[in-house]
Amino acid sequence: MYRWLLCFRYLKTRYIALASIISVTLGVATLIVVNAVMSGFSAEMHDRLHGLASDIMIECHATGGMPDPEGHLREIERICGPAIVGSSVSVSVPAMLGIDFRGQRLGRHVNLIGLDPETYNSVSDFGKYLLHPANQNSASFRLHDAGYAPDRSELKLAGWEHRKRRVAQDREIEASIAEQRRVLQELKRQQMTQEERAAEIAASESAAAGPSIGPQFAAGMLESSAETPAEDTPAEDTLTASIDPMEEQYDGIILGISTCSVRTRNAAGDVEDVYYAQPGDDVRMMFPSASEDTKVLNQKFTVVDLYESGMSEYDSTFAFVRLDRLQELRGMIDPQSGVRSVTTIQLKVAEGVDLNLVRDALRRRFPAGIYPYNIQTWRDLQGPLLSAVRLETTILNILLFLIIAVAGFGILATFFMIVVEKTRDIGTLKALGASGHGVSSIFLSYGLLLGFVGSGAGLVGGLLFVDNINGVAGIVERITGQEVFDPTVYYFSEIPTIIEPLTLVWVMIGAMTIAVLASVLPAIRAARMHPVRALRFE
């Protein structure tokens, strides 16, 4: 009992121990805050990485794709059985996106994906990251009237209203340009001689008598007018007839939000998004055909929605169209059997099933030496990034634990000073019958008490800081004038945090262990003191 009485007495009277307690408190609180933020970032990143990628992906590297996907799915179901609870097929092809913005053509390299919205939502969270609420429940490639991200002023008119306004403006500009040309031609004609006027009239009549081309024509006619296209000309060799953009749309496309916008700051320093294209605009997409004689296809699409996952790797590189339409355009349909080809099969695995076991079983069935397939889990696909996050978290924990280790050295120095200062008291205790074990336990208990008080205070402080971290970030921003997390870089409104109980436990145990270990050497020295020599100590 006397051991704990002495411990509490020294804790209240020895203010030098307060420095050690503060060091432990800061170390524990910092570890809790850093681990909570890193866990929040990691969970957010995992959700978004897994949001578009399914559990397991089978990618075909052949130009023509993977024939008979239905047969492949039946074979996969035979091999994996009930482990597979969802599947979807898609076509992925590199493409060049062209956007007309204020008289300029902007180009972006993208990955064009043809998908079936119904089955694709069963293997991923694709719909969750679309802007229009109706598309979040059931994705559609039809342009909506309005309702795209009502909280964003830049997209307030997105949809048919924006499309009709843009078309009306384009027609006004075209009419104005045509009127200017007419006036210039009229002025030029007034300055011409009678012979020059007669030559111009003759040239106009000759041009009017020539052949005309209708609204729809084969691309082969453009290359050589002497060739006549066959009746079974593929869809990609036919240019689509013009439509009335005020009433109709081209094939729908969903763009990653960063492919057609940039986040920046205005003159007032406020963050704003500048959209080069938004729902209702028309864009051009150039991509290769799937035939052996590869051609570059130039197709016009209408933007019907935007995809925003918050991961720049996805938002800046992906564009989505209807699967059947992309197969038709690229010529991925067998003209004899009508069987369609795909480039990717995505599988959703039942909860609790080891993804690596399913992956390995599929690799044995479709060996890379025979099939041009790449079979990966979503973690394999993002392996380097996930490994980098884990390594960063580990290094941060090691470095921050050094703060507690420094506190341990402070406890060690403090206890040695106590041993020297209280040598006569230690001798008195041993003369009164206290054993060496009893004397050493005083210092060990004192170290445990310091570690418990310091880690307890750090636990409370760390949890309070995590709970109010966004408010603290706002205060720091107002004081320094600098944003803690730049919204032009990080696409989230709040700092994500997750508190894991197991992390709290090992941080507390680690801090108290360091405090106890720091008191071992002083405890041994005190326990080995001879009572007579201790009492004679000056």
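Reading guide: rules and limits
- Residues numbered from 1 in each chain as written.
- Predicted model: local features only at pLDDT ≥ 70, side-chain atom pairs only at ≥ 80, totals over all residues.
- Heavy atoms only, no water.
- Helix = DSSP H or I, 4+ residues; strand = E, 2+ residues; numbered from the N terminus.
- Buried < 20%, exposed > 50% of the residue type's maximum accessible area, 1.4 Å probe, protein only.
- Contact = heavy atoms within 4.5 Å.
- Areas by Shrake-Rupley, 256 points an atom, 1.4 Å probe, with all protein chains shown as cover.
- 1 Å grid on protein atoms, 1.4 Å probe; cavity = no way out; pocket = protein on both sides within 12 Å on 5 of 7 lines; lining within 4 Å.
- Points joined across faces, edges and corners; volume = space filled by probe spheres on them.
- Nonpolar A, V, L, I, M, F, W, Y, C, P; charged D, E, K, R; others polar.
- Core = buried A, V, L, I, M, F, W, Y, C linked by side-chain atoms within 4.5 Å.
- Pairing = 2+ DSSP bridges.
- Expected span 1.5 Å × (residues − 1).
- Polar contact = N/O pair within 3.5 Å; in protein donor to acceptor, adjacent residues only side chain to side chain.
- Phe/Tyr/Trp six-rings, centres within 6.5 Å; stacked < 30°, edge-to-face > 60°.
- Patch = residues over 30% accessible without salt bridge, like charges linked within 9 Å, V, L, I, M, F, W, Y side chains within 5 Å.
- Salt bridge = Lys/Arg side-chain N within 4 Å of Asp/Glu carboxyl O.
- Axes fitted to C-alpha atoms, helices over the stretch in contact; angles between N-to-C directions.
- Parallel < 35°, antiparallel > 145°, perpendicular 65-115°, else oblique.
- Left-handed = near helix turned anticlockwise from the far one by under 90°.
- pLDDT = per-residue confidence, 0-100.
- Arc of directions from axis to C-beta.

Colleague: Teacher, can you tell me more about the overall build of the chain here?
Modeller: Secondary structure summary: the chain contains 19 helices and 11 strands in total. Taken across its 538 residues, the chain has 41% of its residues classed as buried. For the chain, restricting intrachain contacts to residue pairs at least 6 apart in sequence, the fraction spanning at least 24 positions comes to 76%. Surface exposure of the chain reaches about 29400 Å², of which carbon and sulfur atoms provide 57%.

Colleague: It is not clear to me how the layout of surface pockets should be interpreted in this structure. Could you clarify?
Modeller: Empty space among the atoms becomes apparent when a probe as large as a water molecule is rolled across them. What the largest pocket holds in volume is close to 1000 Å³. As for the largest pocket, its lining consists of 31 residues, of which Asp100, Arg102, Arg166, Asp170 and Asp281 are closest to the centre. Within the residue set of the lining of the largest pocket, elements represented by two or more residues are β2 (84–101), β3 (104–115), α6 (160–190), β6 (271–275) and β7 (282–288). Broken down by element, the residue count for the lining of the largest pocket peaks at 10 residues, all from α6. For the lining of the largest pocket, the class distribution of residues is 12 nonpolar, five polar and 14 charged.

Colleague: Please clarify how empty space enclosed by the protein should be interpreted in this entry.
Modeller: Going through the model one piece at a time under the given rule, you end up with one cavity of 30 Å³ or more. Volume-wise, the largest cavity comes out at about 40 Å³. The wall of the largest cavity is formed by Ile32, Asn35, Ala36, Ser39, Ile498, Ile499, Glu500, Thr503 and Leu504. Listing elements by their share of the lining of the largest cavity, those giving two or more residues are α2 (16–52) and α17 (501–518). Broken down by element, the lining of the largest cavity gets its largest block of residues, four residues, from α2.

Colleague: Would you mind showing me how to read the nonpolar core here?
Modeller: Across soluble globular proteins, you tend to see nonpolar side chains buried next to one another. Ranked by internal contacts, the top residues of the largest apolar core, which has 76 residues, are Leu112, Phe126, Ile253, Met285 and Phe287. By residue number, the principal contributor to this core is β2, which donates seven residues. Setting aside its immediate chain neighbours within four residues, Phe126 contacts Gly51, Leu52, Leu115, Tyr120, Asn121, Ala139, Ile254, Tyr307 and Phe320. By size, the runner-up hydrophobic cluster in this structure holds 15 residues, among which are Ile411, Ile442, Phe443 and Ala526.

Colleague: For this particular structure, what's the right way to read the environment of Val274?
Modeller: As for its position among the elements, Val274 is in strand β6. Counting along the chain gives 12 residues from Val274 to Val262, while the straight-line C-alpha distance between them is 5.4 Å. Val274 has contacts with Cys260, Ser261, Val262 and Thr264, leaving out every residue within four places of it along the chain.

Colleague: How should I be thinking about the pairing of β3 in this particular structure?
Modeller: Judged from the 12 bridges that link them, β2 and β3 form a sheet pairing that is antiparallel. Paired with Val93 across the bridge in β3 is Leu112. Hairpin connection from β2 to β3: two residues lie between these consecutive antiparallel strands, with Arg102 at a positive phi of about 55°.

Colleague: Would you mind showing me how to read α6 here?
Modeller: Along an α-helix, residues three or four positions apart point the same way, because every turn accommodates 3.6 residues. An ideal rise of 1.5 Å per residue puts 45 Å on 31 residues; α6 measures up with 45 Å between its terminal C-alpha atoms. Among the residues of α6, Trp160, His162, Arg163, Arg166 and Val167 are the ones counted as buried. Contact partners of the buried residues in α6: β7 and β8 (296–307).

Colleague: Would you mind going over the side chain of His132 with me for this structure?
Modeller: In this structure, His132 sits in the loop between α4 (117–123) and α5 (133–137). Judged by its relative accessible area of 8%, His132 is buried. A polar side-chain atom of His132 sits 3.1 Å from the main-chain amide nitrogen of Ala134. Every residue in contact with His132, bar those within four places of it in the chain, is listed here: His144, Ala146, Gly147, Tyr148 and Asp305.

Colleague: Please clarify how the side chain of Ser455 should be interpreted in this entry.
Modeller: One can find Ser455 in helix α15 (residues 436–467). In terms of polar contacts, Ser455 uses its side chain to reach the backbone carbonyl oxygen of Gly451, at 2.6 Å. Residues in contact with Ser455, not counting those within four places in the same chain, are Val24, Val28, Met508, Ala511 and Met512.

Colleague: Even after reading the chapter, I still don't get the packing of aromatic side chains, so can you show me in this structure?
Modeller: By convention here, two paired aromatic rings are described through the distance between centres and the angle between planes. Following the criterion strictly, the structure yields 12 aromatic pairs and no others. Summarising the aromatic geometry, the rings of Phe126 and Tyr307 are spaced 5.8 Å apart at their centres and angled 15° between planes, so their arrangement reads as stacked. Linking Phe126 in the loop between α4 and α5 with Tyr307 in strand β8, this pair joins segments that are 181 residues apart in sequence. The pair Phe126 / Tyr307 is uniform in exposure class, with both members buried. Seen in terms of ring centroids, Phe126 and Phe320 are 4.8 Å apart; in terms of plane orientation they differ by 65°. Their pairing is edge-to-face. Here Phe320 lies in strand β9 (residues 318–322) and Phe126 lies in the loop between α4 and α5, a separation of 194 residues in the sequence.

Colleague: Is there a simple way to explain a nonpolar patch on the surface in this structure?
Modeller: A surface patch of nonpolar side chains, amounting to about 380 Å² of accessible area, comprises Leu391, Ile395, Leu399 and Leu402. Looking at the secondary structure, you find Leu399 in helix α13 (residues 383–421). On the basis of relative accessibility, which here comes to 48%, the residue Leu399 falls in the partly exposed class.

Colleague: What exactly am I supposed to notice about the packing of helix α3 (residues 69–80) against helix α11 (residues 355–365) here?
Modeller: Each pair of packed helices can be described by the angle between their axes along with the distance between the axes. Where α3 contacts α11, the two axes come as close as 10 Å, and the packing angle between them is 125°. Of the possible angle classes, the one that applies to α3 and α11 is oblique. α11 is crossed by α3, and the crossing has right-handed handedness. Side by side, α3 and α11 meet where Glu75, Ile76, Arg78, Ile79 and Cys80 of the first sit next to Val358, Ala361, Leu362 and Arg365 of the second. Taken together, the residues that form the contact of α3 with α11 break down as six nonpolar, no polar and three charged.

Colleague: I keep staring at the confidence of the model for the chain and nothing clicks. Help me out?
Modeller: In low-pLDDT segments, the atomic positions of the prediction should not be examined closely. In this model, the chain carries an average pLDDT of 80, and 82% of its residues clear a pLDDT of 70 or more. Throughout residues 212–241 the model reports pLDDT below 50, and contacts reaching past four residues in sequence, or to other chains, amount to 27 contacts.

Colleague: Sorry if this is basic, but what is going on with helix α18 (residues 520–527) here?
Modeller: Considered for burial, the residues of α18 that qualify are Pro522, Ala523, Ala526 and Ala527. Each buried residue of α18 sits inside an arc of 135° when the element is viewed along its axis, so together they form one side.

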